[in-house]
Structure formats: C-alpha cells, structure tokens
Amino acid sequence: MNSSRIIGLTAAVMTTACGAAAAQDYPTKQISMMMPFAAGGPGDAIARIVAQGMSEALKQQVFVENVGGAGGTIGTARVAAANPDGYSILMMHIGQATNVALYPNIKYDAIKDFEPIGLVGEVPMVIVSKKAFAADTLKGLVDKIRADKDSVTYAHAGIGSASHLCGLLFFSAVGAEVRQVPYRGTGPAMNDLLGGQVDFLCDQTVNTVPNAVAGNIKAFAVTTLTRLTTLPAVPTADEAGLKGFDLSIWYANYAPKGTPKPILDKLATAHQATLASATVKDKLNGIGVVVAGPERATPAVLAAYLKAEIEKWGPVIRKAGVTGQ
Ligand code: ASP
C-alpha cells in the first residue's frame, strides 16, 4: 500500500471516529429551532413551548430563530441548506406540504432535503374580523363580499401560510376573492386587525381565541367540524353555511437531510419526551393545540403524513390556480 493511500485511509477512519464521537457527545452547544414566521404569532408561540421542552430533554438550550417571509419558505430554505450536524432544526406547519404545489420554483425539496423528527400536533383556526366590521356573522361577511368584494381586505402570512390556505378555501367556497394583504406572520397581521387597518383574517386559535374572548375582534366561524370549548357560541364554518369546510393546521419538526442517524435518534427521543411532558402538554393545550400522542410523534409517521398531505393538497391548490414566486 503506498503512503498516500495509507494517509487517505487514516483520514477516513479519523473522520468516521470524529463523526461518531460528535454524535455520541451531541449536543455540546445550543441548537437553533427555525420558526419561519414572525415572532408573536401562533407558530412562534408553539415553537417556544416545544423548544423549552426540548432544551430540558437534551440538556442544552434550544432557541427559536424567527425568519419570516414568503409563507415560511425563506426560513425553511435556510434549514435545508444548513450544516446537517443537529444544531439547526426546523419547526414548520402544513406549509411544508402545501408549498410544494404553491411554489413550483422552490429552492428545496420538502421530502428529499429533510429528515423527519416528528409531528407536534394540530391547531384549529377561526375566521375573525376587526371589531368595527359591518357584519356580525359568517353569512353577513359572505354577503358583503359577494355584494362588493373591493370594499373588504383579508390579511394573511403570505402565500404558503396557514392563513393564506384558509383564505384560499374560503374564497373558493364563496366564489369571490377580496384584496389580500400579506405579512411575515399572523402576529403582525393580528396587530393590524386589532388596529382596524385590515378587515378580516383566518388564524389559528393561539392568536384568535384570546382576542375573541376579550372582545377585541369578532369571531364568525371555526374551521373544523367541531366547535371549540373555548368559544362555545361560535359556529363551525360548516354549520354557518360553508358545507364540508374542514381545516386544521399541523406542525412538525425536521432536521436537514444528512443529519447523522445517532443525532436524529436523540432529537426524536427528545421530541417524544417533550410531547409526553405534562407541563408541555398543558401549555400547548392552553393555546388550542391538540398534541400528537406517542404513536403519532415518530419520524416514520411524519414521513408518511407529509407525503399524504402533499398528495392531498396538490390538486386543491392547482385547481385554485394560486402560486407563489
Ligand atoms: N403560523 C403563522 C404564524 O405563526 C401564520 C400562518 O401560517 O398563517 O405567523
């Protein structure tokens, strides 16, 4: 064997040994959890609770990094391109599936560029308006849009966001579309709804329920087929006339493709321990999240679910003819 071959082999053995040691010691420094929407919104609130639980499980700080814009695709692309060493992970919602059809020129592959860690849970949404809006029911809102769509504005967190998807389903059910105002997250969108700068929004319970209960906004309908215990008087969209309307927003954690298996195993174990913690569950339930049970919080279930959701939403989105950049 010549000397350069021996040096090459030694280097390969050392790299593998270092990789194994890195995986064994992992984590030795803080971990970034990307939340690709602005601070102060539903995704941010969920990510902060889960990151806190993961910090305890991994005995290292997991901090939330907010990079909003373009329906979550900017922050998501950043994690797809990150070093796959376990120190960059992503929390993304249903947009991981819907963005495949919404952004044909997207810079990452939602399946091939990520390793699934696990589902977090599901969150219903509520269609709400500013307090001074000239209608008090979903029917009143729909009538107003059908009569004069140019007089109404809808806020959302960009094409690919949950609020955009809800709007897309709503406008296709109503048969008319109003002017839409995109934000980097529904945290800032809700601020403008509270300030009366936009007319209505469909957002997750995290944001909508406290403001509806406080009387700061009007709640017209819940997007799932069952009413919320937190807003018992608010009908479902199905009850209020939009037959079959059924949308809830799921969240999940991912790592960049190529993250070593021993590190992925540690992340998946920490994810499962986090969701099994009574403190985390209480906090998530408190903001309206239906937490994934242990049988659903695994990488294999997330891989299958993501694929099924991409197949489910692709035709709906293509039929609506909406695309991002
Ligand atoms: N989840 C986003 C946020 O936290 C909102 C959305 O997707 O509509 O801002």
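Just above sits the structure.
Computed from a predicted model, the values in this text were never measured in an experiment.

### So, the overall build of the protein chain
On a plain count of helices and strands, the protein chain comes out with eleven helices and ten strands. Taking 2.2 N^0.38 as the reference for a compact globule, 325 residues should give roughly 20 Å; the C-alpha atoms of the protein chain span a radius of gyration of 21 Å, in line with that estimate. A burial count over the protein chain gives 51% of its 325 residues as buried. Each charge class in the protein chain was averaged separately, 28 positive and 25 negative side chains, and the resulting centres sit 2 Å apart.

### Here we look at helix 6 (residues 162-174)
In this model helix 6 runs 18 Å from its N-terminal to its C-terminal C-alpha over 13 residues, within 8% of the 18 Å that 1.5 Å per residue would give. For helix 6, a buried count of eleven out of 13 residues is recorded, marking the element as mostly surrounded by other parts of the structure. Of all the positions in helix 6, only Ala 162, Ser 163, His 164, Leu 165, Cys 166, Gly 167, Leu 168, Leu 169, Phe 170, Phe 171 and Val 174 are classed as buried. Looking one or two places after helix 6, you find Gly 175, whose phi comes out positive at around 85 degrees.

### Description of the pattern of salt bridges
Counted according to the given criterion, the structure contains twelve salt bridges. A salt bridge links Lys 139 to Asp 143; its shortest N-O distance comes to 2.8 Å. Of this pair, Lys 139 and Asp 143 both sit in helix 5 (residues 138-147), four residues apart, which is roughly one turn of that helix. Classification of Lys 139 as exposed rests on a relative accessible area of 56%. On the accessibility criterion, Asp 143 (36% relative accessible area) is partly exposed. Across the pair Lys 261 and Asp 265 runs a salt bridge, and its minimum N-O distance is 2.9 Å. Residue Lys 261 and its partner Asp 265 are located together in helix 9 (residues 261-276), separated by four residues, close to a single helical turn.

### Considerations on unusual backbone geometry
Of note, the amide linkage connecting Tyr 26 to Pro 27 takes the cis form, showing an omega dihedral of -5 degrees. If you trace the backbone, Pro 27 turns up in the loop between helix 1 (3-25) and strand 1 (31-35). At Ala 70, a residue that is not glycine, the phi angle is positive and equals roughly 50 degrees. Mapped onto the fold, Ala 70 is located in the loop between strand 2 (62-66) and helix 3 (73-80).

### Considering the pairing of strand 3 (residues 88-93)
Within strand 3, six of the six residues are buried, leaving the element largely enclosed by the surrounding structure. Here strand 3 shows no split at all, with Ser 88, Leu 90 and Met 92 on one side and Ile 89, Met 91 and His 93 on the other all buried. Sheet topology places strand 1 next to strand 3; three bridges connect them, and they run parallel. Among the inter-strand pairings, Met 33 is bridged to a residue of strand 3, identified as Ile 89.

### Considering the site of the ligand
By nearness alone, 13 residues border the ligand, and Gly 43, His 93, Ala 162, Ser 163 and Thr 186 come closest of all. Between the ligand and Gly 43 there is a distance of 2.8 Å, counted from an oxygen atom to a backbone nitrogen or oxygen. Here the ligand, which alone exposes 270 Å², has 100% of that area covered by the protein. Listed by contribution, the elements that provide at least two residues to the shell around the ligand are helix 2 (42-58) and helix 6. Here the residues of the shell around the ligand are counted per class, giving five nonpolar, eight polar and no charged.

### Let's talk about the packing of aromatic side chains
Scanning all chains against the criterion turns up ten aromatic pairs. Ring centres of Phe 114 and Tyr 254 lie 6.0 Å apart, and the angle between their planes is 65 degrees; this geometry places the pair in the edge-to-face category. In this pair, Phe 114 sits in strand 4 (residues 114-130) while Tyr 254 sits in strand 9 (residues 248-256), placing the two residues 140 residues apart along the sequence. Plain terms: the ring middles of Phe 133 and Phe 220 are 6.5 Å apart, the flat faces sit at 50 degrees to each other, and that makes the pair tilted. Separated by 87 residues along the polypeptide, Phe 133 in the loop between strand 4 and helix 5 and Phe 220 in strand 8 (residues 217-222) bring together distant segments of the chain. The rings of Tyr 154, Phe 170, Phe 171 and Phe 200 are connected pair by pair, giving a single aromatic cluster. A cation over an aromatic ring shows up here: Lys 29 above the ring of Tyr 87, its NZ or CZ 4.6 Å from the ring centre. In this structure, Arg 296 packs its charged tip against the face of Tyr 305, placed 5.5 Å from the ring centre.

What counts as what
- Residues numbered from 1 in each chain as written.
- Predicted model: local features only at pLDDT ≥ 70, side-chain atom pairs only at ≥ 80, totals over all residues.
- Heavy atoms only, no water.
- Helix = DSSP H or I, 4+ residues; strand = E, 2+ residues; numbered from the N terminus.
- Rg over C-alpha atoms; globule rule 2.2 N^0.38 Å.
- Buried < 20%, exposed > 50% of the residue type's maximum accessible area, 1.4 Å probe, protein only.
- Lys, Arg positive; Asp, Glu negative; His and termini not counted.
- Charge placed at Lys NZ, Arg CZ, Asp CG, Glu CD.
- Expected span 1.5 Å × (residues − 1).
- Salt bridge = Lys/Arg side-chain N within 4 Å of Asp/Glu carboxyl O.
- Pairing = 2+ DSSP bridges.
- Near = heavy atom within 4 Å.
- Polar contact = N/O pair within 3.5 Å; in protein donor to acceptor, adjacent residues only side chain to side chain.
- Areas by Shrake-Rupley, 256 points an atom, 1.4 Å probe, with all protein chains shown as cover.
- Nonpolar A, V, L, I, M, F, W, Y, C, P; charged D, E, K, R; others polar.
- Phe/Tyr/Trp six-rings, centres within 6.5 Å; stacked < 30°, edge-to-face > 60°.
- Lys NZ or Arg CZ within 6 Å of the ring centre and 35° of its normal.

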